[in-house]
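# An overview of the molecular structure
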Amino acid sequence: MHVSTLAAIFAGLNAAEYLVPRLNFSAVKDAIQKFIFAQGITPGYELAKAVGLDMVDANLLLAALPDFGLLKPDDPLMQRTIARIERDLLAQGHGVHRHRADTYYGGGAWVLLGLWLAWYYTQIGQPERAQEILGWAEAHADADGNLPEQVKDVMFAPDFYEPWVQKRGEIAQPLLWTHAKYLLVRNALAT
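What comes next is a walk through the structure. What you are looking at is a predicted structure, and each value in this text was computed from that prediction instead of being measured.

Before going further, it helps to spend a moment on the nonpolar core. One finds Leu-47, Met-78, Leu-117 and Tyr-120 to be the most contacted residues of the largest nonpolar core, which totals 54 residues. Those elements that place two or more of their residues in this core are helix H1 (3-19), helix H2 (26-39), helix H3 (76-89), strand E1 (108-110), helix H4 (111-123), helix H5 (127-139), helix H6 (161-168) and helix H7 (176-190).

So, in structure tokens, the structure goes:
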């Protein structure tokens with residue numbers, strides 16, 4: 001059971017309540033939070049990739065991003081999670097790997113996840129760090145300005161890159177989701 005999936009469900013319930021004010025999912029959201037805090041924490045007291053695993057996943061970034069609201073960006077649990085993501089998953093040059101065991105397209109650094117980390121930095125008042133990642137993302141755009149899902153500059157499992165290319169083709173580019181996060185970060189830096 002992935003903690004980032006539970007955070008996404010929590011966010012979906014928040015959105016449903018916002019869109020339909022008569023709905024009240026407080027009890028379910030409370031149960032999700034209690035479950036995460038009881039079962040989805042590593043021994044180092046960070047959010048875990050999944051229940052029972054002592055590892056993080058960059059998808060955990062969404063737990064403290066706007067519209068998700070599971071944790072505040074400055075919550076000590078989130079700060080410890082971010083510190084471990086930075087230590088375990090931050091690639092040379094500001095991309096972010098998904099998790100240490102990732103073999104998808106060789107486990108490259110994700111532009112999308114780097115932009116999530118940049119968005120987090122805008123939330124905690126570190127625009128310089130966000131700008132560095134934004135610049136890294138821009139450097140990985142193709143000649144038409146298209147941003148990819150991930151890059152193969154630094155891979156955790158390079159032997160898996162070609163099998164994925166043979167199975168599914170090249171890395172997704174452009175990826176709309178990456179462009180959306182890019183715009184969110186640009187907007188956050190402009191305000």
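Now that the structure is up, let's keep going.
We now examine the packing of aromatic side chains. Applying the stated rule across the entire model yields 7 aromatic pairs. When the centroid spacing of 4.9 Å and the interplanar angle of 90 degrees are considered together, the rings of Tyr-104 and Tyr-105 count as edge-to-face. You'll find Tyr-104 and Tyr-105 in the same group, each marked buried. Members of the aromatic cluster, joined through ring pairs, are Tyr-104, Tyr-105, Trp-110, Tyr-161 and Trp-164. Sitting over the ring of Phe-10, Lys-29 keeps its end group 5.8 Å from the ring centre. For Lys-167, the ring lying beneath its charged end belongs to Trp-164, and the centroid distance is 5.0 Å.

For the rest of this paragraph, the subject is the packing of H5 against H7. H7 packs onto H5 with a crossing angle of 145 degrees between their chain directions and a minimal axis gap of 11 Å. The chirality of how H5 crosses H7 is left-handed. Contact with H5, carried on its side by Pro-127, Ala-130, Gln-131, Leu-134 and Glu-138, involves Tyr-182, Val-185, Arg-186 and Leu-189 of H7 and no other residues of that element. Here the contact of H5 with H7 is built from residues that sort into 6 nonpolar, 1 polar and 2 charged.

On to H5. For H5, which comprises 13 residues, the first-to-last C-alpha distance of 18 Å matches the rise-based estimate of 18 Å (1.5 Å per residue) to within 8%. Listed as buried for H5 are Ala-130, Ile-133, Leu-134, Trp-136 and Ala-137. Considered in projection along H5, the buried side chains sweep an arc of 160 degrees and stay on one side of the axis. Of the exposed residues in H5, those oriented more than 90 degrees away from the buried face are Glu-128 and Ala-139. Contact partners of the buried residues in H5: E1, H4, strand E2 (150-155) and H7.

Here we take up the pattern of salt bridges. For side chains bearing opposite charge, pairing can occur when the charged atoms are close. Applying the stated criterion to the full structure yields 10 salt bridges. Here Lys-29 makes a salt bridge to Glu-17, at a shortest N to O gap of 2.6 Å. Pair noted here: Lys-29 is in helix H2 and Glu-17 is in helix H1, with a separation of 12 residues, a long-range link. A relative accessible area of 16% means that Glu-17 is categorised as buried. Of the charged contacts in the structure, one is a salt bridge between Asp-30 and Lys-34, with a shortest N-O distance of 3.1 Å. Of the two residues, Asp-30 and Lys-34 both sit in helix H2, 4 residues apart, roughly one turn of that helix. Looking at Asp-30, the relative accessible area reads 34%, which means it is partly exposed. Linked through salt bridges whose partners overlap, the residues forming this network are Glu-46, Asp-54, Arg-84, Arg-87 and Asp-88.

Reading guide: rules and limits
- Residues numbered from 1 in each chain as written.
- Predicted model: local features only at pLDDT ≥ 70, side-chain atom pairs only at ≥ 80, totals over all residues.
- Heavy atoms only, no water.
- Core = buried A, V, L, I, M, F, W, Y, C linked by side-chain atoms within 4.5 Å.
- Buried < 20%, exposed > 50% of the residue type's maximum accessible area, 1.4 Å probe, protein only.
- Helix = DSSP H or I, 4+ residues; strand = E, 2+ residues; numbered from the N terminus.
- Phe/Tyr/Trp six-rings, centres within 6.5 Å; stacked < 30°, edge-to-face > 60°.
- Lys NZ or Arg CZ within 6 Å of the ring centre and 35° of its normal.
- Axes fitted to C-alpha atoms, helices over the stretch in contact; angles between N-to-C directions.
- Left-handed = near helix turned anticlockwise from the far one by under 90°.
- Contact = heavy atoms within 4.5 Å.
- Nonpolar A, V, L, I, M, F, W, Y, C, P; charged D, E, K, R; others polar.
- Expected span 1.5 Å × (residues − 1).
- Arc of directions from axis to C-beta.
- Salt bridge = Lys/Arg side-chain N within 4 Å of Asp/Glu carboxyl O.

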